[in-house]
Each structure stands twice: as structure tokens, then as C-alpha cells.
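# Observations on chain architecture
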Amino acid sequence: ALLARAALGGGGGSGGSGDQSPVSSSPVGAAVAASHGDEDAASLGQSFTAEDLHFLQVFASQAANAIVQSGALDESQPTVSREASSFVRGSPADDGGWCPSFAEGCLSPCFAGRRKGSGGSSAEGQSPSSPSSPAALSGGKGGCPATALGKGGHPAPVVAVAGDAAGTTRADREQPRAIVRSISAGEPRPRRPCRRLGCLSADALVPCAARATGQVEILDEAFRSWHFDALEFAEVCNAPLNRLFTFLCHELHFAPRLGVDPARLAGFAREVENGYRGSNQYHNNMHATSVLHSMHALLELGGVASLVAPALGGGETGADITRLACLLAAAVHDFDHLGLSNDFLVRTGHERAIRYNDEHVNEHHHVAAAFALLRRPENDFLSSLPQSSFRQLRCLAIKLVLSTDMADNNRLLSDFTALVAERSPAPPEGGNGGGVESRGGEVSEVSEGFAPADAGGATLVLQMAMKCADLGHLSMDWDLHVKWTHRLEAEFFAQGDQEKALGLPVSNFMDRALPGPSKTQVGFFDFVVFPLLRSFVRAAPGAEHVLRASSANYEEWKSLEEDRDTAEEEEADPTEGS
């Protein structure tokens, strides 16, 4: 209701005089009144502060400006259905698509698909099915519905009602149009509509709060870059995992290609994010967001998706199912993590250890609990997948999540190294045979001809990619990598405190009185990180960036360790430095 008033320059109270309120006397207001009633609209207005009203006024100016630029107010529009959840599953060829949810605190998802069967012409020579035409903006089946705040402050669909159908004339429509132009004077023109989505561009649809905080720019950069700071993103978006997951699904066209249901996807992503415990310093929603991006970067920028596609088969649909399984696994891989290791849960007889027979306790719970969420009808965004495709996706996602258990690291690495050696061309004479130098992260040669022969080999490649993504912070910029290291150390020390309180032996690197992760990184890189990354990059040379960036951080840790050793030696023998 306030959104409609803001668009008309109205206030926050019931307002107006005469037989009709200002809300119900306009085309947009008619839709609001039809959905809520003027009395309900007034009560909604009184529950908001002046700050809320200011936000809605600014948003209304941005949204209305986009409508004005589209020409939607120049022609009368047909009355449309109020089914805000309708969705046309078009093909990429007809630009069917959907707009992702903008997560908690933002507007509801906007479903967009090109309208089918429209004829005639519209303003400025656009066809009714063009993204910015009145038909596309009016909300009909597959269209982008207008939105307003419903009961309880939650987004509620509001369908733009045709001016003539609402009893208004051309003059009536000119008044709000003039106000809109005056409100939006001096504001930048929205980007032209996104033809690929079949609706308004992301910039035109994003609430102004999201645009002002830079979410769009961060996500756009993350989609095509190795760099992504989940901690920074969480400062401007209060649901970073939800936002990134729905954004990637949107950009990869899973809706038109696989029939993914956008509303259920948004609901599932929201519940998954809520299942990550904010009390965990490391295993929280920000870590999941970071791993999700790292997995996406390895698949697309590192060439892993193309590497495994032939062995997995299924053509483009099979490749999309593989991508979605990988992103899903990354998003849920630490779902409902307690901030405690598998060993702790086993030693204390935790109910999860009993349920999963002490095997991959955390990992089994993460993936099982996530798929339990997916079984709920309101969250089942994969309901349109054929059963065989769903089984393929589920099987792969389970294997990927289970592979993150470090207890299996040596076995998986051994199997993968043998696979790469078997399936790669022999190295040049005089080469090191391993494809990578034995120390540090410098690559001397890679296996350009490696390719897995079957689904088992392809799955092993993806499992290794998942392990690399789980350690993704090791290849981030130094300052960001250090932040994550200290977060991990804080969580380790918290477990160590519990172990001391229970009278249990304190796990390695979890005793505050002894060196933790921040003091033992050189050894971790030497014995865990580099063997994993070297083997992986030999098979997937496109991921060489990860190895080189990790090597740069390794050198920083070595320098710190050398300085620390020197300081300790000088402290032990003060005369040595004189």
C-alpha cells in the first residue's frame, strides 16, 4: 500500500478525501485496493516508520522510472491474471527466464518469461512479447508482477491493472506519470532491458537498497572472476548464500533448461541459509557462500565442467544437471554444522555419530538434512526433473559432500593421482613425471590431454574440485585468507575448550596453549594443500590460478615463520644478534 502511495507522492497514513482514497483512485492503487482493501492498506501504512516510507518512495521512483522508459504507460493494457506464481518454462531460444530472489529483506522473486501467443504491436514499435513492452510488464502468465508489502511486512504479489479496466482515463494515467517523472528527475536512466532474460534488466528490478549497497556489481563480478569476498558480501546482503545461489542458477539458465521452479528454489535456499549456525566462526553461511563461488569458478573458469562433460554424457541437459549438482553440494556441504569435528562427535557419543555409525558423521548429516528440506513440497524446486535425472543429481551431490571429509583425503588423492597418470599422455623426456614441481606452487608442465574415460573418473575429478573449493580461501588475497584462517582457529580453540571441560584429550591444533592453524600453515600447505592442488591442476590446467595464488600465500606464511623463528632465537640468546 505504501509503495503505491509513494509512487503517487502520497504519505504514510490513510490519507485522501472524498469517496475514494488516493491509493484506490490510481491504476496501481486499484490493484493494491483489490488485494488488500483500503482499510487494510491504511493499517499497513501506519505500521511503518518515516524511514521505511522514505525507502519505499525512493524504490517507487526507480521502479516507476523503469516503467515510464518502457512505454508501458503510453498504451492501455489488457487486464491480466493475478497468478503471480505463474511461470513459462521457455527455451533459451525464446528468452524464457526468471529473475532471482533478492533474499531476506528484499522484494519477493520476480518470475519472468516471454509471453506466448501475443499479437499486434505496442508502443515505440515493440512487439507485445518484447521484454520491456506493456505485455511483458503487466504481469500475465510468465510476466513480471508488480510487488508490494503484504500482511506482516512480507512481499505480496500485486498485478498491474489496466487503466481503462480500472475505470481510469488517459488523463488519469498522465497524472501519476508526471509525478513519476518529477520524482525521478536527475536519476540515471536504467540499463536497457535484458533480452536474454525476457524481462527487465537485473539493475532495473533490484530494489534500490540492493543496488545502493553494490550487490549487483559484486555478483556480476563474482560470476566471471576468481575473486569473491563472501565476508564483504555478507556486510551488504543479509542472506549471502541465498542470494549467490539463486543468482548463479539464474545466470546458468536452470529455469528454462531444467524446469527449475524459481519460487521453490528461493524458499529452499532461504531455509538452507537459515540452517547454518551464526555462532560458528568458520562453518557458517559465509563459508558456504565462499565455497559455492569457488566451485562455480572451478567449473566455469577452470574448465572442469567441460572436462567431465563427455564422460558423463547426456548432452547439454546432462552438463546442466552436473553443474546444478555441484552448486547444490557446495551450498549445503556444511549445512547445520555444529562447529565440532567428526572425531569429537564420535568420542562424545553424539546422536549424529550413533545415527551414521561413526562414518562421515558431519558430512552424512549435512547432505541428508539438506535433501530432507528438498522433500518438502514448498522447497522442491527439482520437481519437474525426470526421476532418472534427479537420481543422477542426488547421487553426485551426495558423493561430493562426503568427499569433503578430510579423513578420506589420502585415499581420494591416491586414486586421483593414479587416474591422472593413467589417462594422461606421457610427460616429455626429462620431465618430472608429476606435471608440477615438488616444492611450492609453481607449475612446470601440465597434462593438456587428460580426460576421464567414464562416469566414475569424471565423478572423481568433481570430488577433487569440491575439495579444492572447500579449501578455497587458501588461494584468496592474503588479507582475506588470513581472516579465514583466524576464523578457523577461533572455532578450533572453542572445540578445544569443550574437550578440556569434558576431560577429553584436546585435538591437534585446538589447544589455545599450543600453536594453532595460524602458526602451522607452512606444514599444512606442504603436506596437504600442495599435493592436492598440484595433482588437480595437472588434470585441469585451467585451474592453475588456484595453485599460483596459494603459492603466494605460502611464501607469506614462510616469511612469517622465519621471522618468528629468528625472534625466538634472539630471545633465547640475546648476544647472538649483537
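Just so it is clear, the structure is predicted and the values come from calculations on it, not from any experiment.

### Section: the overall build of the protein chain
Counting its regular elements, the protein chain contains 25 helices and four strands. Burial analysis of the protein chain (578 residues in total) assigns 54% to the buried set. Of the accessible surface of the protein chain, which amounts to about 24900 Å², a share of 50% is contributed by carbon and sulfur atoms.

### Section: the packing of aromatic side chains
Inspection of every chain in the model, using the stated rule, returns eleven aromatic pairs. Between tyrosine 282 and tryptophan 484 the ring centres are 5.8 Å apart and the planes differ by 85 degrees, which places this aromatic pair in the edge-to-face class. In this pair, tyrosine 282 is assigned in the loop between helix H13 (262–275) and helix H14 (285–300) and tryptophan 484 in helix H23 (residues 478–501), connecting sequence segments 202 residues apart. Residue tyrosine 282 is classed as buried on the basis of its relative accessible area, which comes to 5%. Counting every residue linked through ring pairs, the aromatic cluster contains Phe525, Phe530 and Tyr554.

### Describing the pattern of salt bridges
Applying the stated criterion across every chain, the model contains 13 salt bridges. For arginine 411, the salt bridge goes to aspartate 415, with nearest N and O atoms at 3.6 Å. You can see arginine 411 and its partner aspartate 415 sitting in helix H21 (residues 409–423), four residues apart, about one turn around the helix. The class for arginine 411 is partly exposed, based on a relative accessible area of 45%. Under the relative-accessibility criterion, aspartate 415 is labelled partly exposed at 37%. Via salt bridges that share partners, Arg277, Asp336 and Arg352 belong to a single interconnected network.

### Comments concerning the side chain of glutamine 495
Along the chain, glutamine 495 falls in helix H23. In this view, glutamine 495 contacts Gly339, Leu340, Ser341, Phe344, Ser507 and Met510; residues no more than four positions away in its chain are not counted.

### Thoughts on unusual backbone geometry
Here aspartate 336, not a glycine, exhibits a phi torsion of approximately 60 degrees, which is positive. Position of aspartate 336 relative to the elements: it lies in the loop between helix H16 (315–332) and helix H17 (342–347). For aspartate 336, a relative accessible area of 16% translates into the label buried. Of note, the phi angle at histidine 360 is positive, near 45 degrees, even though the residue is not glycine. Note that histidine 360 resides in the loop between helix H18 (351–355) and helix H19 (361–375).

### Structural notes on helix H20 (residues 387–402)
End to end, H20 covers 22 Å across 16 residues, agreeing with the expected 22 Å (1.5 Å per residue, within 8%). Within the span of H20, buried status applies to Ser389, Phe390, Leu393, Leu396, Ala397, Leu400, Val401 and Leu402.

### Quick look at the nonpolar core
Counting 99 residues, the largest nonpolar core has Phe245, Val304 and Phe536 as its most contacted members. The element that contributes the greatest number of residues to this core is H16, accounting for ten residues. Once residues lying within four places of it in the same chain are set aside, the contact partners of phenylalanine 245 are Leu265, Phe268, Ala269, Leu292, Leu327, Leu328 and Ala331.

### Some words on the environment of alanine 222
With respect to the secondary-structure elements, alanine 222 resides in helix H9 (residues 215–223). Residues within four places of alanine 222 in sequence aside, it is in contact with His227, Phe228, His293 and His296.

### Examining the side chain of aspartate 261
With respect to the element layout, aspartate 261 can be found in the loop between helix H12 (254–258) and H13. We note that aspartate 261 is buried and unpaired, the nearest opposite charge coming from arginine 264 at a distance of 4.1 Å.

### Observations concerning a negative patch on the surface
Together, Glu555, Glu556, Glu562, Asp563, Asp565, Glu568, Glu569, Glu570 and Glu571 line one region of the surface with negative charge. With respect to the helices, strands and loops of the structure, glutamate 562 is situated in helix H25 (residues 544–572).

### As for the confidence of the model for the protein chain
Predicted confidence across the protein chain gives a mean pLDDT of 74, with 58% of residues reaching 70 or more. Below pLDDT 50 for its whole length, residues 1–46 participates in 82 contacts with residues either more than four positions away or in separate chains. Considering only residues more than four positions removed or in separate chains, one finds that residues 428–439, a stretch of pLDDT under 50, has 27 contacts.

### Things to note about H13
Here H13 spans 20 Å end to end across 14 residues, near enough to the 20 Å set by a 1.5 Å rise per residue. Among the residues of H13, Pro262, Leu265, Ala266, Gly267, Phe268, Ala269, Val272, Glu273 and Gly275 are the ones counted as buried. Capping of H13 at its N-terminal end is provided by aspartate 261; its side-chain oxygen lies 3.0 Å from the backbone amide nitrogen of alanine 263.

### Points about the packing of H20 against helix H22 (residues 455–470)
Two elements in contact, H20 and H22, have axes separated by 8 Å at closest approach and are oriented at 45 degrees. In this view, H20 runs oblique relative to H22, as classed from their interaxial angle. Regarding H20 and H22, the two cross each other, and that crossing is right-handed. Facing Leu396, Lys399 and Leu400 of H20, the residues of H22 in contact are Thr459, Leu462, Gln463 and Met466.

Calculation rules
- Residue numbers here run from 1 along each chain, matching the order of that chain's written sequence.
- Thresholds applied to this predicted model are a pLDDT of at least 70 for local features of residues and 80 or more for the giving and counting of side-chain atom pairs; totals over whole chains, interfaces and linings are not thresholded and use all residues.
- To get the side-chain values, take all heavy atoms of the structure and skip hydrogens and water.
- Secondary structure is summarised from DSSP: a helix means a run of H or I of at least four residues, a strand means a run of E of at least two, and numbering begins at the N terminus for each.
- Burial here depends on accessible area, computed with a 1.4 Å probe over protein chains only, as a share of the maximum for the residue type. Under 20% is buried, over 50% is exposed, and the range in between is partly exposed.
- Surface accessibility in these figures is a Shrake-Rupley result with a 1.4 Å probe; residues are shielded only by whichever protein chains are displayed.
- Pairs were defined over the aromatic rings of Phe, Tyr and Trp, the Trp ring being its six-membered one, requiring ring centres within 6.5 Å. Orientation was assigned from the angle between planes: stacked under 30 degrees, edge-to-face over 60, tilted for the rest.
- Salt bridges are defined by distance alone: a side-chain nitrogen of Lys or Arg within 4 Å of a carboxyl oxygen of Asp or Glu.
- Whether two residues are in contact is decided by their heavy atoms: any pair within 4.5 Å suffices.
- Take the number of residues in a helix, subtract one, and multiply by 1.5 Å to get its expected span.
- By nonpolar core we mean a set of buried residues, namely Ala, Val, Leu, Ile, Met, Phe, Trp, Tyr and Cys, connected to one another through side-chain atoms within 4.5 Å.
- All tallies of charge rest on Lys and Arg as positive and Asp and Glu as negative; His and the ends of each chain are not included.
- What makes a patch is a set of residues exposed beyond 30% relative accessible area and free of salt bridges, joined within 9 Å when like-charged and within 5 Å when nonpolar (Val, Leu, Ile, Met, Phe, Trp, Tyr).
- In this description, the location of a charge corresponds to atom NZ of lysine, CZ of arginine, CG of aspartate or CD of glutamate.
- Residue-level confidence of the predictor is summarised by pLDDT, bounded by 0 at the bottom and 100 at the top.
- Polar contact is defined as a pair of N or O atoms within 3.5 Å, subject to the rule that within protein one atom must be able to donate a hydrogen and the other to accept it, and that residues adjacent in sequence are counted only when both atoms are side-chain atoms.
- Note on method: axes are straight lines fitted to C-alpha atoms, helices fitted across the in-contact stretch only, with angles between N-to-C directions ranging 0 to 180 degrees.
- Angles are sorted into four bins: roughly parallel if under 35 degrees, roughly antiparallel if over 145, roughly perpendicular if 65 to 115, and oblique for all others.
- By the definition used in this description, the sense in which the near helix is turned from the far one sets the handedness, with an anticlockwise turn below a right angle giving left-handed and a clockwise turn giving right-handed.

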